[in-house]
Amino acid sequence: MALDIRRFIQRFVEEAADHLPRLREGICALEQGHADREQINELFRAAHTLKGSSRMLKLVPITTLAHSTEELLSALRDGTLSATPAVTSLLSQAVDGLADLVSRLAEGATGDDLPAADKALCNALENAAHGQPSPQPNISTPASSAPALSAAQAADSELRLSDTVRVRLDRLDDVIRLMGEVLSGHHHLHSLVDQARALSISLPAEQQAPFHAFHRELKDSVLSHNSLMSDLHDRALQMRMLPLSVVFDPLAHMSRELAQSLGKQVDCRVRGSEIELDRQMIDRLSDPLIHLLRNALDHGLEPPAERQAAGKSPRGQLVIEAWQDADWVVVEMHDDGAGIDLDVVRQKALAKQLINEEQLNALSEQETLELIFLPGFSTKSMITDFSGRGVGMDVVKRTVVDELNGDLQLASERGSGTHFTLRLPLSLAIMRVLLVSVGGVNLGVTAPYVSELVECSSHSFIDAAGQRTLILRNEFVPVVSLAELLGLPATTSATDNTLLLVVHQRHQKLALIIDSLIDERDRVIKPLPVHLRYLPLVSGMVSMGRNALVSLLHVPALLEATRHTAQRPNHERTSSTLAKRILVVDDSLNTREIEKDVLEAWGYHVTLAENGRDGLAKALAEPFDAVLTDVEMPVMDGFALTARLRENEAYRYRPIIIITSREKETDRRRGIEVGADAYIVKGSFDQNNLVETLQALLG
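Described below are features of the structure shown in this document. Keep in mind that this is a model prediction, so the values were computed, not measured.

Considerations on the packing of aromatic side chains
Using the criterion set out here, one finds two aromatic pairs in the structure. For the ring pair F211 and F214, a centre distance of 5.7 Å and an interplane angle of 55° mean the geometry is tilted. A residue pair is termed a helical-turn pair when its members lie 3 or 4 positions apart in one helix, as F211 and F214 do in helix α8 (residues 205-238) at three residues. Judged by centre distance (5.1 Å) and plane angle (70°), the rings of W328 and Y449 are edge-to-face. Within this pair, whereas W328 is found in strand β5 (residues 328-335), its partner Y449 is found in the loop between β9 (441-446) and β10 (450-457), the two being separated by 121 residues in sequence. When its relative accessible area of 4% is taken as the criterion, Y449 is described as buried. Between the NZ or CZ atom of R77 and the centre of the ring of F44, over which it lies, the distance is 3.9 Å.

So, in structure tokens, the structure goes:
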């Protein structure tokens, strides 16, 4: 479907109406010698934004003039050029030219109607940027310019009112911030209601009745305002919500333009563009998506001839789609290109000294794939304008994970393509938060990362390769003391029960030992102050009553901090053990990793698969000495996998062990019937039993 550029022209005009006055103010400060480094940066960013936005909409004259302006501002920003009168005069003429072009758009012109950018002015700007003097261009009003409005026409145009009102985004942000403060203050009234109820107990009997009446009225008043306050804040937030189409549609158009310039062909399909996100999220999401798009076109999709030689259509397929998943919005970009070559990734990582050979050999395929997110990594020998100038995949991941409190996942199959999946909260302004107490300190966790609260006896834990672990239904979940992780004093409990907060990020889970749950409700998220942004485990703060702030834990960073930290026991390894290759099949990431840690601690070489179909493909692609499989998995369960393996001559007599939470005798019998050699129930899992069973079957 062709992109209707006219839908976005008005938004570009409104955006330019914000940037052009800032450019004029900045140039005025430059002329007076008052502009500091940050103001010059703002000038550069304004010109850069106008260039990027106009380029998407094929407003070529604006793009050309904004690019030349950006070049001159870049030289000022780098300090290679000083703000002489000649330089500020050129900048003023450039802004005048941009303003004239924008005004034509406001009057109904399209990109094709705009006159070409003034070549003499563009040359003068770029020559000045490179320190080459050139005569000042003689800028005059083009012959095609619209005549100036008469006073009567101007007055008439001012009297025509639109059915919308433009509000500066910073003013809208202030309204939302103040609404958040009011909402936080209202939450404090709930604690006052509780205090009033406790106070009534200490009053004399004759004062109980009137105080109860007061308490009831206070409580009813607070409760009646709850929905009103929440609704008012929600309405304020909705004013800042925008559909993803404002990013997706220009991306689809950009993909065709960039593919053509690279000599490639692409069909870009967009789905879910009606999903809405907070304007703050949309603004910050734009750059990462543009980089992922350029990455897919430059690195991923092959030229037509190469695709045809591989049996593919000469036209590459690129899909950008979004859908809502509970409190998250999922954005996925995937292509059917060449995929990521793991050997090239390994070579680049070693060549750039991002990792040593010993560390590289210890990585799984997925961990090797994710090396592309390391700072300084690039699989291209030359940085191009399409794959990004000075922006790497590390910046994309940092923006998504750290700034947007989201998650970025990567999957790639050689010859079939690459998937990037972003999971984002609907808004950064207000979220459901659980408040917990740990070591005498109150901490918060945003609800989308919370899986459940579990209270259990410490005897329920098992030891798995030195890692304390909880068997939670059909999954092994690592258990970590949050107090130890954060360096807080440990507290002793009067009972043997342990309270666990189970957090998750996609398929990875972690059970955090906490002291108590304090509260759960929607709270306004405050960004960290500048001097605290170095804290990796904290993503923000929430208000808790009067002048009390609580730190929000950054769950992705917590999971990363606890990953592979358990000390593996040293067991005597035999040469026969070192040679054995084991395939572990389970849909739970935690269970796969824990079983892998147990087996590798005993010297086995382990390969992982996430479901029965994946396990079958890997088993048939290369020989394994034994297979460990779960039963309950999507796509193909463990019973079906075992039966299919037994049909293959290579696995007719190889050991197959089923490890599952199913305890019924009928399930055990079915496991034996399809050909399993052993059946281990996770509820009674013991790593020594697993290893001894495996050793006995392998002989």
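Structural notes on the nonpolar core
Judged by nonpolar contacts, the single largest core of 51 residues is most densely connected at L244, L289 and V331. In terms of residue count, helix α10 (residues 279-300) provides more of this core than any other element does, nine residues in total. Aside from chain neighbours lying at most four places away, what touches L244 is G272, S273, I275, L277, I282, L285, A322, V329 and V331. Core analysis: the second largest hydrophobic core is formed by 41 residues, L57, L91, A94 and L121 among them.

Points about the pattern of salt bridges
A full pass over the atoms with the stated rule returns 26 salt bridges. Linking R279 and D283 is a salt bridge whose minimum nitrogen-to-oxygen distance equals 3.0 Å. Taken together, the positions of R279 and D283, both in helix α10 and four residues apart, correspond to about one turn of that helix. Note that R423 is salt-bridged to D325, the shortest N-O span being 3.1 Å. Placement of R423 in strand β7 (residues 417-425) and of D325 in strand β4 (residues 316-325) is noted, with a sequence separation of 98 residues between them.

A word on the packing of helix α20 (residues 612-621) against helix α21 (residues 638-647)
Each packed pair of helices is defined by two parameters, the angle between the axes and the distance between the axes. Here α20 crosses α21 at 20°, and the two axes come no closer than 9 Å. By the angle between their axes, α20 is roughly parallel relative to α21. The handedness of the crossing between α20 and α21 is right-handed. On α21, the residues that touch G612, G615, L616 and A619 of α20 are L641, R644 and L645. A per-class count over the contact of α20 with α21 returns four nonpolar, two polar and one charged.

With respect to the packing of helix α7 (residues 169-200) against α8
Direction vectors running N to C along α7 and α8 enclose 160°, while the axes themselves pass 9 Å from each other. Classified by the angle between their axes, α7 and α8 sit roughly antiparallel to one another. Viewed along their axes, α7 and α8 form a crossing whose handedness is left-handed. Class assignment for the residues of the contact of α7 with α8 results in 16 nonpolar, eleven polar and two charged.

A look at unusual backbone geometry
The phi angle at Q353 is positive, at roughly 55°, despite the residue not being glycine. The residue Q353 is located in the loop between α12 (342-351) and α13 (357-361) in this model. A relative accessible area of 72% places Q353 in the exposed class. A positive phi angle, near 70°, is found at V635, a position not held by glycine. Within the secondary structure, V635 sits in the loop between β21 (626-629) and α21. Classification of V635 as exposed rests on a relative accessible area of 56%.

Observations concerning the side chain of D394
Topologically, D394 is positioned in helix α15 (residues 393-403). Judged by relative accessible area, D394 falls into the buried class, the value being 15%. Not counting chain neighbours up to four residues away, the residues in contact with D394 comprise F373, L374 and P375.

Quick look at the environment of Q687
Within the secondary structure, Q687 is located in helix α23 (residues 687-698). The class of Q687 is buried, set by a relative accessible area of 9%. For the pair formed by Q687 and A464, sequence separation is 223 residues and the distance between their alpha carbons is 6.3 Å. Look past the residues within four positions of Q687 in its chain and what remains in contact with it is D463, A464, A465 and V598.

A look at the sheet that holds strand β19 (residues 581-585)
The parallel open sheet is built from five strands, whose spatial order is β20-β19-β21-β22-β23. Each end of this open sheet is capped by a strand with a single partner; those strands are β20 (605-609) and β23 (678-681). Strand after strand, the sheet turns through a mean of 20° between neighbouring axes, direction not considered. Where β19 lies against β20, five bridges are found, and the strand directions are parallel. For L583, the partnering residue across the bridge sits in β20 and is T607. Across the sheet, α21 is in contact with β19, β21 and β22 (656-660); its angle to β22 comes to roughly 175°.

Topic: empty space enclosed by the protein
Following the criterion strictly, the structure yields three cavities of 30 Å³ or more and no others. Counted as a void, the second largest cavity has a volume near 50 Å³. In this structure, the second largest cavity is lined by W328, N405, M431, T446, Y449, S539, L553 and H554. Grouping the amino acids of the lining of the second largest cavity by side-chain chemistry returns four nonpolar, four polar and no charged.

Focus: the environment of I513
Inspection of the secondary structure assignment puts I513 in strand β15 (residues 508-514). In this structure the C-alpha to C-alpha distance between I513 and T498, which are 15 residues apart in sequence, comes to 6.9 Å. Those residues in contact with I513, other than ones at most four positions away along the chain, are R468, V479, V480, S481, L482, T498, L499 and L500.

Details of the sheet that holds β15
Pairing in this open sheet of six strands is mixed, and the strands run β10-β14-β15-β13-β12-β11 from one edge to the other. Each edge of the open sheet carries a strand with a single partner, namely β10 and β11 (461-464). The mean inter-strand angle of the sheet, taken between neighbouring strand axes irrespective of direction, is 40°. Here β11 pairs with strand β12 (residues 467-472) via four bridges, running antiparallel. Bridged to A464 within β12 is Q467. Docked against the sheet, helix α17 (residues 555-562) engages β13 (475-481), β14 (497-505) and β15, running at close to 90° with respect to β15.

Conventions and cut-offs
Residues numbered from 1 in each chain as written. Predicted model: local features only at pLDDT ≥ 70, side-chain atom pairs only at ≥ 80, totals over all residues. Heavy atoms only, no water. Phe/Tyr/Trp six-rings, centres within 6.5 Å; stacked < 30°, edge-to-face > 60°. Helix = DSSP H or I, 4+ residues; strand = E, 2+ residues; numbered from the N terminus. Buried < 20%, exposed > 50% of the residue type's maximum accessible area, 1.4 Å probe, protein only. Lys NZ or Arg CZ within 6 Å of the ring centre and 35° of its normal. Core = buried A, V, L, I, M, F, W, Y, C linked by side-chain atoms within 4.5 Å. Contact = heavy atoms within 4.5 Å. Salt bridge = Lys/Arg side-chain N within 4 Å of Asp/Glu carboxyl O. Axes fitted to C-alpha atoms, helices over the stretch in contact; angles between N-to-C directions. Parallel < 35°, antiparallel > 145°, perpendicular 65-115°, else oblique. Left-handed = near helix turned anticlockwise from the far one by under 90°. Nonpolar A, V, L, I, M, F, W, Y, C, P; charged D, E, K, R; others polar. Pairing = 2+ DSSP bridges. 1 Å grid on protein atoms, 1.4 Å probe; cavity = no way out; pocket = protein on both sides within 12 Å on 5 of 7 lines; lining within 4 Å. Points joined across faces, edges and corners; volume = space filled by probe spheres on them.

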